[in-house]
Amino acid sequence: MRPSQAAGDQADVLAGVGGRLRQARTEVGISARELARKAGVSVSLVSQIENGKARPSVASLYALVQHLNLTVDELFDPAGERAEAPEPKRGRPALSSSNGAAVAAGEFSVPQKLISAPLVQLGETRGTLKLEGGITWERLTPRDVPGADFLKITYDVGGASCPEGRRQTHPGHEFGYVLSGCLGVTVGFDTTEIGPGDSVYFDSATPHRLFNAGDEPAVGVWMVHAPFGSPK
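What counts and what doesn't
- Residues numbered from 1 in each chain as written.
- Predicted model: local features only at pLDDT ≥ 70, side-chain atom pairs only at ≥ 80, totals over all residues.
- Heavy atoms only, no water.
- Helix = DSSP H or I, 4+ residues; strand = E, 2+ residues; numbered from the N terminus.
- Buried < 20%, exposed > 50% of the residue type's maximum accessible area, 1.4 Å probe, protein only.
- Contact = heavy atoms within 4.5 Å.
- Areas by Shrake-Rupley, 256 points an atom, 1.4 Å probe, with all protein chains shown as cover.
- Core = buried A, V, L, I, M, F, W, Y, C linked by side-chain atoms within 4.5 Å.
- Phe/Tyr/Trp six-rings, centres within 6.5 Å; stacked < 30°, edge-to-face > 60°.
- Arc of directions from axis to C-beta.
- pLDDT = per-residue confidence, 0-100.
- Pairing = 2+ DSSP bridges.
- Axes fitted to C-alpha atoms, helices over the stretch in contact; angles between N-to-C directions.

**Q** A description of the overall build of the protein should follow, citing residues and the corresponding values.
**A** Helix and strand content of the protein: four helices and eleven strands. Put simply, the protein has 232 residues, and 40% of those count as buried. Sequence separation of 24 or more characterises 68% of the internal contacts of the protein that already satisfy a separation of 6 or more. As displayed, the protein offers around 12,500 Å² of accessible surface, 53% of which is attributable to carbon and sulfur atoms.

Below, the structure is given as structure tokens:
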């Protein structure tokens, strides 16, 4: 692929992500200023991302989508194509969360049969998002799967999900497996480094940061299991 073609493809991807964010914001019915306030980012950044002029970071992307009834997985789909999350069943008793608090049935995703046959994602046709901070996401499913983001992640040397000294939070639970390189994982006040064959799990609601802790790209397989079925 020629460099000019690759640059053009990435410009198209950025425009597509921006278009999907703008579409979701319109559907929710909030202004760019209100979205920026809720997400803790500047209005100019929201505008630049929506117009394909800026590349979002992992932290800013999660901050935006959680206020738009949108999943990260849906950003890989063309604008206008939104997969509907399964409707929660009514009339079921409340469940108990890990801390003993009552949780309404249907508020969190539960294992269920979403498709009747395997869906294969060929390697050469994977959807790819290049984010600010030297991070690349590749979707490992051929379509949006409600309640889960299943990704191949690459953190370039020096890459990080957010600047040093900052942390990100969002709904869900994260599961990761490192294929190559060394990935630093900070959750709360604890930092650990994991390498090939190592895996990690943590609650995404806990302030966290991922970063390349080595001198070669850190590559892994990542899944974020997030709540769905909340009222829109």
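**Q** Pulling in residues and values, what's your account of the nonpolar core?
**A** Side chains of nonpolar character tend, in soluble globular proteins, to be buried together. Judged by nonpolar contacts, the single largest core of 39 residues is most densely connected at L21, L75, W137, Y155, L183 and W222. Here this core gets six residues from one element, more than from any other, and that element is helix α4 (residues 58-65). In this structure, W137 is in contact with V58, L61, Y62, V72, F76, G127, T128, L129, L131, L151, K152 and I153, ignoring residues within four places of it in sequence.

**Q** Residues and numbers for the packing of aromatic side chains, please.
**A** The full count for this structure, using the stated rule, is two aromatic pairs. Both rings, one in F175 and one in Y201, keep their centres 5.0 Å apart while their planes meet at 40 degrees; by these two values the pair is tilted. In this pair, F175 sits in strand β6 (residues 173-180) while Y201 sits in strand β9 (residues 199-203), placing the two residues 26 residues apart along the sequence.

**Q** Tell me about unusual backbone geometry, residues and numbers included.
**A** Located in the positive-phi region is N69, a residue other than glycine, with phi close to 50 degrees. As for its placement among the helices and strands, N69 is situated in the loop between α4 and β1 (95-96).

**Q** Tell me what's going on with helix α2 (residues 32-39), and back it up with residues and numbers.
**A** Burial in α2 covers these residues: A32, L35, A36 and A39. Across the axial projection of α2, the buried residues extend over an arc of 100 degrees, all falling on one side. Exposed residues lying more than 90 degrees from the buried face of α2 are R33 and R37. Of the residues flanking the end of α2, it is G40, one or two places downstream, whose phi is positive at about 75 degrees.

**Q** Pulling in residues and values, what's your account of the confidence of the model for the protein?
**A** When pLDDT is averaged across the protein, the result is 79; 73% of the residues are at 70 or more. In the predicted structure, residues 3-8 sits below a pLDDT of 50 and forms one contact with residues beyond four places in sequence or in another chain. Scored below 50 in pLDDT, residues 83-111 makes 38 contacts in the model with residues more than four places away or belonging to other chains.

**Q** Can you tell me about the pairing of strand β4 (residues 135-139), naming the residues and giving the values?
**A** Consecutive residues of a regular strand have side chains that alternate between opposite faces of the sheet. Burial runs high along β4: five of the five residues are buried. Neither face of β4 is exposed, since I135, W137 and R139 on one face and T136 and E138 on the opposite face are all buried. Between strand β3 (residues 128-131) and the antiparallel strand that follows it, β4, lie three residues; G133 among them carries a positive phi value of about 95 degrees. Examined bridge by bridge, β4 and strand β5 (residues 148-155) share five bridges and lie antiparallel to one another. If you follow T136 over to β5, its bridge partner there is T154.

**Q** Just give me the short version of the sheet that holds strand β11 (residues 218-225), but keep the residues and values in it.
**A** Across the sheet, which stays open at both edges, the six strands sit in the order β3-β4-β5-β11-β6-β9 with antiparallel pairing between neighbours. Two strands in the sheet have a free side with no partner beyond their single neighbour: β3 and β9. The average angle at which neighbouring strand axes cross in this sheet is 25 degrees, direction not considered. Pairing analysis gives four bridges linking β3 to β4, with the strands arranged antiparallel.

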